[in-house]
Amino acid sequence: MTNPLTPKERVKSPRQEMPTQPADERRHDFDEVNLGLTVIQAHSEAARCLECSHPQCVSGCPVGVKIREFVELVHSGDYLGAAAKIREDNVLPAVTGRVCPQEHQCEGNCILGKRFAPLGIGYLERFVADYERAQGKLALPQNAPSTGKRVAIIGSGPAGLSAAGDLVQKGHAVTVFEALHEPGGVLIYGIPEFRLPKAIVRQEIDNLKQMGVVFETNVVIGKTITIDELLGDEGYHAVFIATGAGLPKFLGVPGEHLAGVYSANEFLTRVNLMNAHQFPDFDEPVYDCADRVVAVVGGGNTAMDAVRTALRLNARRALLLYRRTEAEMPARVEEIQHAKEEGVEMVTLTSPLEFLGDDQGRLRAVRCQKMRLGEPDESGRRSPQPIAGSEYTLPLDVAIIALGTGANPLVQAATPDLATNDRGYIVADDATLRTSKPGVFAGGDIVTGGATVILAMGAGRKAAVAIHDFLGSTQTPG
């Protein structure tokens, strides 16, 4: 279908707005906030594409989705074809269409965005993935004939899932090992239902199962079984470590031991994976947020997820404490806007100094210090500096620390010949993701530190290529 709009008409066409659940309603439930484009909206948005001969949007996509081609299929009305085109490079389109920071990647490279609003690539990706799911007509790619090679993937987060999808298509037998009782990694335990419904993640994992990927849960590599055993008696020819960086970081200030102080990891895992928001129907409670003052420390997407979750647990006040200004927050602009619409109070240029408790060991307040922005640091961000004499005390019942994560040392500790750096992350070759241990590859957050879902997926795709090459070489063990 030829685009009836002239280039001049396309740039003047407004970007379609994402329909959302009203803020005064959604702050009281865990239903998805973004509702998805309608068919008419999707067609109108696809018509804005300039059909560049050398699309820059693709260069901004870590997994290399053929964006121009899938958008053309949307515009022609072939939504299932568009979904199939995306799945050639992205096995989780319904996930990335919801949580990928497109504004910094594909949309950030869109030519339209130089003078106008960029093409809503993420909105269109979500639209076709949801259309495919609603129609029940999944367009799965064809697998190559069996190679007879077996690959073990440790971790079922985005890096592991992406690698699994690519490797099984190449004809290898793939088993994904997950330490928790449900596969999905951070997609299941780290991102709230209102931003990424669990049914979406489960459907994408079911799709991988249909492609032939095997999942084994409740398997802790390094405890239940070791990498040496996988490569030895278990008969695997290669291993990909994609465990993520799940060790929470804390402030290191007095009082973090008090009842009512959480890491964001624990708080979100209890709610997302263990249904703590449905206590007492589920027996995994969190410290009661109802009618209490809750503060989240941090300014990233995880901080936004935690503070918005606290609101939905009926917090009386939900505060976000951040030591820089809102302009410096690393969270997506959409998430910041949604949080503010829902009633989150942004307390910026503020740094906690100490958590204060009562004689029962329960959190009762936080002592803070006001900050100002100084000169830019090595990354170009302006460094926060304390303002002398600005200390004050803020009454508080629950504190959630969302300052990022570090490397979980479990796999490394059980694999002494696996090289790590001084921060505990696994050392892997930039191009091939090979580690110091023959037959073992690593990628995603366990190598780079905490990043985005789509960057982890890009690492998974890179690992799949390298592992496939390795399995076809004479170096293959076994």
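Given the structure is predicted, the values throughout are model-derived calculations rather than measurements.

Taken in spatial order, the five strands line up as β6-β14-β7-β8-β9 in an open sheet, and their pairing is parallel. A strand with exactly one partner marks an edge of an open sheet, and here the two such strands are β6 (261–263) and β9 (345–347). Averaged over neighbouring strand pairs, the angle between their axes works out to 25° when direction is ignored. Sheet topology note: the strand β7 (residues 293–297)/strand β14 (residues 398–401) ladder contains four bridges and is parallel. The residue of β14 that forms the bridge with Val296 is Ile400. Lying on the sheet, helix α14 (residues 301–312) is in contact with β7, β8 (317–321), β9 and β14; it crosses β8 at an angle near 165°.

Counting through the fold element by element, Lys8 comes out in helix α1 (residues 7–12). Placed 217 residues apart in sequence, Lys8 and Ile225 show a C-alpha to C-alpha distance of 61 Å.

Moving on, we come to the sheet that holds strand β3 (residues 214–216). Here we have five strands laid out as an open sheet, ordered β3-β2-β1-β4-β16, and parallel in their pairing. A strand with exactly one partner marks an edge of an open sheet, and here the two such strands are β3 and β16 (440–442). Pairwise comparison of adjacent strand axes, ignoring direction, gives a mean angle of 20° for this sheet. Sheet analysis places strand β4 (residues 238–241) next to β16, joined by three bridges and oriented parallel. Within β16, the position partnered with Ile241 by the bridge is Ala442.

The phi dihedral of Asn218 is positive, around 60°, even though this residue is not glycine. Turning to its location among the elements, Asn218 is positioned in the loop between β3 and α12 (227–231). Even without being a glycine, Asn275 presents a positive backbone phi close to 60°. Relative to the elements of secondary structure, Asn275 occurs in the loop between α13 (264–272) and β7.

The interhelical angle for the contact between helix α3 (residues 39–46) and helix α5 (residues 67–75), taken along N-to-C directions, is 130°, at an axis separation of 8 Å. It follows that α3 is oblique to α5 by the angle criterion. Every pair of crossing elements has a handedness; the one defined by α3 and α5 is left-handed. In contact with Ala42, His43 and Ala46 of α3, α5 contributes Val71, Val74 and His75. Of the residues in the contact of α3 with α5, the class split is four nonpolar, two polar and no charged.

This paragraph deals with the pattern of salt bridges. Throughout the structure, instances matching the rule amount to 32 salt bridges. Asp166 is the salt-bridge partner of Arg461, the closest N and O atoms lying 2.8 Å from each other. Within this pair, whereas Arg461 is found in helix α18 (residues 453–471), its partner Asp166 is found in helix α9 (residues 158–169), the two being separated by 295 residues in sequence. Asp166 matches Arg461 in its accessibility class, with the two residues each being buried. Where Glu266 meets Arg270, a salt bridge forms, and the shortest distance between an N and an O atom there is 3.0 Å. Residue Glu266 and its partner Arg270 are located together in helix α13, separated by four residues, close to a single helical turn. Within this structure, Arg26, Arg195, Asp305, Arg308, Arg312, Glu335, Glu341 and Glu342 form a network of salt bridges that share partners.

Here we come to the side chain of Ser156. Secondary-structure assignment places Ser156 in the loop between β1 (150–154) and α9. Overall, the relative accessible area of 1% leaves Ser156 in the buried class. There is a polar contact of 2.6 Å between the side chain of Ser156 and the side chain of Glu178. One polar contact links the side chain of Ser156 to the main-chain amide nitrogen of Gly185, over a distance of 3.5 Å.

A word on a negative patch on the surface. The grouping of Glu216, Glu229, Asp233 and Glu234 at the surface amounts to a negative patch. Residue position: Glu216 is located in strand β3.

Along the polypeptide, Ser436 turns up in the loop between α16 (410–413) and β16. Ser436 gets classed as partly exposed once you look at its relative accessible area, which sits at 42%. When the C-alpha positions of Ser436 and Asp417 are compared, they lie 7.1 Å apart, and in sequence the two are 19 residues distant. Those residues in contact with Ser436 that lie beyond four places of it in its chain are Asp417, Leu418, Ala419 and Val427. Of the polar contacts made by the side chain of Ser436, one reaches the backbone nitrogen of Ala419; its length is 2.8 Å.

The next subject is the confidence of the model for the chain. The pLDDT averaged across the chain works out to 93; a share of 98% of its residues lies at or above 70. Contacts of residues 474–478 to residues separated by more than four positions or lying in other chains number eight contacts, the stretch itself having pLDDT below 50.

On to the packing of aromatic side chains. Considering all chains together, one arrives at seven aromatic pairs under this definition. Each ring, one from Tyr79 and one from Tyr131, has its centre 5.0 Å from the other, and the planes form 70°; the classification is edge-to-face. With Tyr79 in helix α6 (residues 79–87) and Tyr131 in helix α8 (residues 121–135), this pair connects stretches of sequence that are 52 residues apart. Summarising the aromatic geometry, the rings of Phe127 and Tyr131 are spaced 6.3 Å apart at their centres and angled 35° between planes, so their arrangement reads as tilted. With Phe127 and Tyr131 both in helix α8, this residue pair falls four residues apart, about one helical turn. One aromatic cluster is present, formed by Tyr79, Phe127 and Tyr131 through successive ring pairs. Its guanidinium or amino end placed over the ring of Tyr392, Lys370 lies 5.9 Å from that ring's centre, counting from NZ or CZ.

Rules used in this analysis
- Residues numbered from 1 in each chain as written.
- Predicted model: local features only at pLDDT ≥ 70, side-chain atom pairs only at ≥ 80, totals over all residues.
- Heavy atoms only, no water.
- Pairing = 2+ DSSP bridges.
- Helix = DSSP H or I, 4+ residues; strand = E, 2+ residues; numbered from the N terminus.
- Axes fitted to C-alpha atoms, helices over the stretch in contact; angles between N-to-C directions.
- Contact = heavy atoms within 4.5 Å.
- Parallel < 35°, antiparallel > 145°, perpendicular 65-115°, else oblique.
- Left-handed = near helix turned anticlockwise from the far one by under 90°.
- Nonpolar A, V, L, I, M, F, W, Y, C, P; charged D, E, K, R; others polar.
- Salt bridge = Lys/Arg side-chain N within 4 Å of Asp/Glu carboxyl O.
- Buried < 20%, exposed > 50% of the residue type's maximum accessible area, 1.4 Å probe, protein only.
- Polar contact = N/O pair within 3.5 Å; in protein donor to acceptor, adjacent residues only side chain to side chain.
- Patch = residues over 30% accessible without salt bridge, like charges linked within 9 Å, V, L, I, M, F, W, Y side chains within 5 Å.
- Areas by Shrake-Rupley, 256 points an atom, 1.4 Å probe, with all protein chains shown as cover.
- Lys, Arg positive; Asp, Glu negative; His and termini not counted.
- Charge placed at Lys NZ, Arg CZ, Asp CG, Glu CD.
- pLDDT = per-residue confidence, 0-100.
- Phe/Tyr/Trp six-rings, centres within 6.5 Å; stacked < 30°, edge-to-face > 60°.
- Lys NZ or Arg CZ within 6 Å of the ring centre and 35° of its normal.

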